[in-house]
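Coordinate inspection notes
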Amino acid sequence: MRLSSRRTLASVLFALVIISAFVPRLPAADDDLKQLRDQIRSLEQKLLVLERKQEIKDEDAATAAKAAPKIAITDKGFTLASADSANSIKLRGLVQFDNRLFFGDNGIVNNSFLLRRARLITEGTFAKNYSFQLVPEFGGGSATAASAFTILDANLGVTVNKALQFKFGKFKSPVGLELLQSDSWTFFDERSLVTNLVPNRDIGAQASGDLFNGTVNYTAGVFNGIADAATSTNADFDNEKDVVGRIFATPFKNDAGSFLQGLSFGVSASLGREKGASGRAAGYKTDGQQTFFSYAATTIADGQNWRVSPQFDYRNGSFGAIGEYVLSTVNVRPSATGKKAELQNKAWQLAAGYVLTGEDSSFAGVVPKTNFDFANGTWGAFEVVARYANLKIDDAAFPLYASAASNADEATSYGIGLNWYLSKAVAFKFDYYQTNFGFAPGAPAVSTNAVLRQDEQSLITRFQVSF
Amino acid sequence: MKAKVVLFSLLALAAVSGAAAKSIELLNVSYDPTRELYVDYNKAFATYWKAKTGDDVTVKQSHGGSGKQARGVIDGLPADVVTLALAADVDALYDVAKLIPQDWQKRLPQNSTPYTSTIVFLVRKGNPLGLKDWDDLVKPGVSIITPNPKTSGGARWNYLAAWAYAKHKQGSDEAAKAFVASLYKNVPVLDSGARGATTTFVQRGIGDVLLAWENEAFLALKEFGSDKFEIVVPSLSILAEPPVSIVDKVVKKKGTEAVAKAYLEYLYSAEGQDIAGRNFYRPRDPAAAAKYAGVFPRLELVTIDAEFGGWAKAQKTHFADGGVFDQIYSK
């Protein structure tokens, strides 16, 4: 019994010890657990808050970015645009610095450095569908008669949709294909003889647009009307107007991989009446920009003036070609009361280029895969070009309306060249031209015009920045 | 013969009137939580307007923090109508840009506020912290979700409701200021609008309580389930009166004045009021209010005019740059 009592006591004590050991510890464990849970919850909340703050920051940044005006500075110009791009202003520029060298012309003073073009171009849009363009010309433009500052283009555009756009003001008359190409991206640094027979910039209103999924482009307009190769002086010189139209198709444009995908062709025409000395061409120029034909000073335009020009452009990879024919018909008198005659002058050209470095040939210029960087051993893009062109003056022009002694009645030019595109914006062009002259029956054996006493051989080198 | 002429004339008239049916587009620039309300309402109005005039009207909606939306309209967002969270934001259209007349609020009944709402608490199911009234919110460890009063109309109503409660209870503006300062110390993140704050609380799981528009709280219960959240109605809150107005300069320019006016007037119609009630806004119309009386809890509601001297004064005192909110929140 005693033993039993002892054992019982021992058991009770043991139980107490156990209980005493555990009883205080259970609440403590619960507290720890609770604290840990609270800490985890608190940390989780802090993490969630941080994540949410970042999310809000990102949303605010995205919203601010959407609302912020856009600034783009690229080799295509400097653009400031509203957040929705509906309003924008773009600053572009073109500077062409030429060196003209003539060979075998018995010392005519015509070798020259020349600032051929220097333009600060401002373009913009308002309310998405209204646009403007302002192009002042600061360059001399001619080696022999440096022109003063002029407003080359100043026009306003209204876009209804892709199929209908309007343009008002001063801009290129849509007749000559090569003339419509940007001054920066023609194969040669000077356009061909053909451009002598088409109007340059005129004042008027035109409608244009793309039809049939972009495969047909049309243009139709009414202009003051100007002589061949002339640019409007910002006012009309007579009461007559010219109607000008052009349709140009790229039928395989959407046939990816087709050999003909880059083929475009069309025809343009103008019809009007001109009157006065300003209505006839001031003169026709060679590739070297020397005058080889001009009407007599007393000759005036008086009557219908029409032109027609079938034309094509073809691009396939690195290869490109352009061709056009122009028939320009003018009615002239040798003086206000003299005999009227209708003269038909004709010209055509075929030019081609091949980009040696593999870039695509394009109507809108070659974009080098890599810019020229001597340190890194990249060289930009190189393109070789060739051209044949011919311009024939109507024989009936001589001698009543133009002197056979001081004018050629035909010019045929051959050109070869190398274009080095250092970047999209910067290029060197090296072009060699030879122009042979033909003369009207009755012309003297030696022309009175020193330029025409020999074939013209010229090397024109250009350094160009265009953005 | 005469009958044929008449018939032909009628047909021609019908053809002409058919051909003359217009397609009109309006832009309603609104605050954050009204998305669902105006989706419903725009459909109803389009049907009403078509029946009345034959014209098709499409109403586009833009939502965001009320202050931000007002800024957008001032900066050129072409809103035909604004349906914002508070009168101060609409006043800004006159004050800053003269887009509307100064007396815009007199053009429609009830100061151009076709429906009302108030501010309540949305808490997680079971109300784990036992939050019952504004006092509970300023206790340490309570995490409150409310948007930024600088950009959100709902946030300004939240702020003013808390201020009104403290002032009623403690008797002074100084005490109210200290109370609101304590409250904002418990706010871990400020969204720019009420819908963003709801997202923070409901979807991101942040915070213990969301100070919410009553309609937004009901919508959260409807969308996310009453098994996850519950509404706590404080003892005192504020009568929120979201106003509406046409934007005169825009509608005159766009030629949409008549339809824009009709769009706002129709909010007061039986159908408009019913749609408001259905979307948890307290209707003004007694019949609609009676219909939805069981939905909305009864509580003491103070008004902005009686408590704060109107929105212009409240805005200047509390929410303008350097105002009371800037003082307490920057601390």
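Everything discussed here concerns the structure shown above.
The following paragraphs examine the structure supplied in this document. Predicted, not measured: the structure shown is a model, and the values here were computed from it. (Residues numbered from 1 in each chain as written. Chains lettered and ligands numbered in written order. Predicted model: local features only at pLDDT ≥ 70, side-chain atom pairs only at ≥ 80, totals over all residues. Heavy atoms only, no water.)

What about the packing of aromatic side chains?
Let me state the cut-off plainly: Each aromatic pair joins two rings of Phe, Tyr and Trp (for Trp, the six-membered one) with centres within 6.5 Å, and gets the label stacked for planes under 30 degrees apart, edge-to-face for over 60, and tilted for any other angle. Residue exposure (1.4 Å probe, protein chains only): buried if accessible area is under 20% of the type maximum, exposed if over 50%, otherwise partly exposed. The criterion is that NZ of a Lys, or CZ of an Arg, lies within 6 Å of the ring centre and within 35 degrees of the ring normal, and then a charge sits over that ring.
Applying the stated criterion across every chain, the model contains 50 aromatic pairs over all chains. Aromatic side chains Phe374(A) and Trp379(A) sit 6.1 Å apart centroid to centroid with 85 degrees between the ring planes, which places their arrangement in the edge-to-face category. Judged by its relative accessible area of 64%, Phe374(A) is exposed. Judged by its relative accessible area of 42%, Trp379(A) is partly exposed. An aromatic cluster is built from Phe372(A), Phe374(A), Trp379(A), Phe382(A), Trp420(A), Phe428(A), Phe430(A) and Phe463(A), whose rings are joined through pairwise contacts. The ring of Trp185(A) carries Lys424(A) above its face, with NZ or CZ at 4.8 Å from the centroid. Of note, Lys98(B) hangs over the ring of Tyr94(B), and the distance from its end group to the ring centre comes to 4.4 Å.

Observations concerning the sheet that holds strand E2 (residues 56-64) of chain B
All names here are of chain B. The condition that has to hold: The pairing criterion for strands is at least two bridges between them, as found by DSSP. The way it works is that DSSP assigns letters per residue, a run of H or I at least four long becomes a helix, a run of E at least two long becomes a strand, and they are numbered from the N terminus. As a rule, the C-alpha atoms of each element are fitted with a line to give its axis, helices using only the stretch in contact, and angles between N-to-C directions run from 0 to 180 degrees. We call two residues in contact whenever any of their non-hydrogen atoms come within 4.5 Å of each other.
Ordered by their spatial adjacency, four strands build an open sheet running E2-E1-E3-E10, and the pairing between neighbours is mixed. Only two strands of the sheet have a single neighbouring strand rather than two, namely E2 and strand E10 (244-246). Going across the sheet, the axis of each strand differs from the next one's by a mean of 20 degrees, ignoring polarity. Along the sheet, helix H12 (residues 257-265) makes contact with strand E1 (23-31), E2, strand E3 (81-83) and E10, crossing E10 at roughly 170 degrees.

A look at the nonpolar core
Here is the rule: Joining through side-chain atoms within 4.5 Å is the link that ties buried Ala, Val, Leu, Ile, Met, Phe, Trp, Tyr and Cys residues into a set, and such a set is a nonpolar core.
One finds Trp134(B), Tyr159(B) and Trp311(B) to be the most contacted residues of the largest nonpolar core, which totals 90 residues. When residues in this core are grouped by element, the largest group, nine residues, is from helix H7 (residues 153-170) of chain B. Counting 34 residues, the second largest nonpolar core, distinct from the first, contains Phe223(A), Val332(A), Phe398(A) and Val451(A).

A word on the pattern of salt bridges
Any two side chains of opposite charge can pair, on the condition that their charged atoms come close. Residues and elements named next belong to chain A. Quick reminder of the rule: Should a side-chain nitrogen of Lys or Arg be within 4 Å of a carboxyl oxygen of Asp or Glu, the pair is scored as a salt bridge.
Under the counting rule described, the total for this entry stands at 47 salt bridges over all chains. Between Glu59 and Arg52 there is a salt bridge, with its nearest N and O atoms 4.0 Å apart. In this structure Arg52 comes out as buried when scored by relative accessible area, which is 2%. For Arg387, the salt bridge is made with Asp287, and the minimal N-O distance between the two is 3.4 Å. With Arg387 in strand E17 (residues 381-392) and Asp287 in the loop between strand E12 (284-285) and strand E13 (291-293), the pair connects residues that are 100 residues apart, well separated along the chain. Asp287 shares its class with Arg387; the two are buried.

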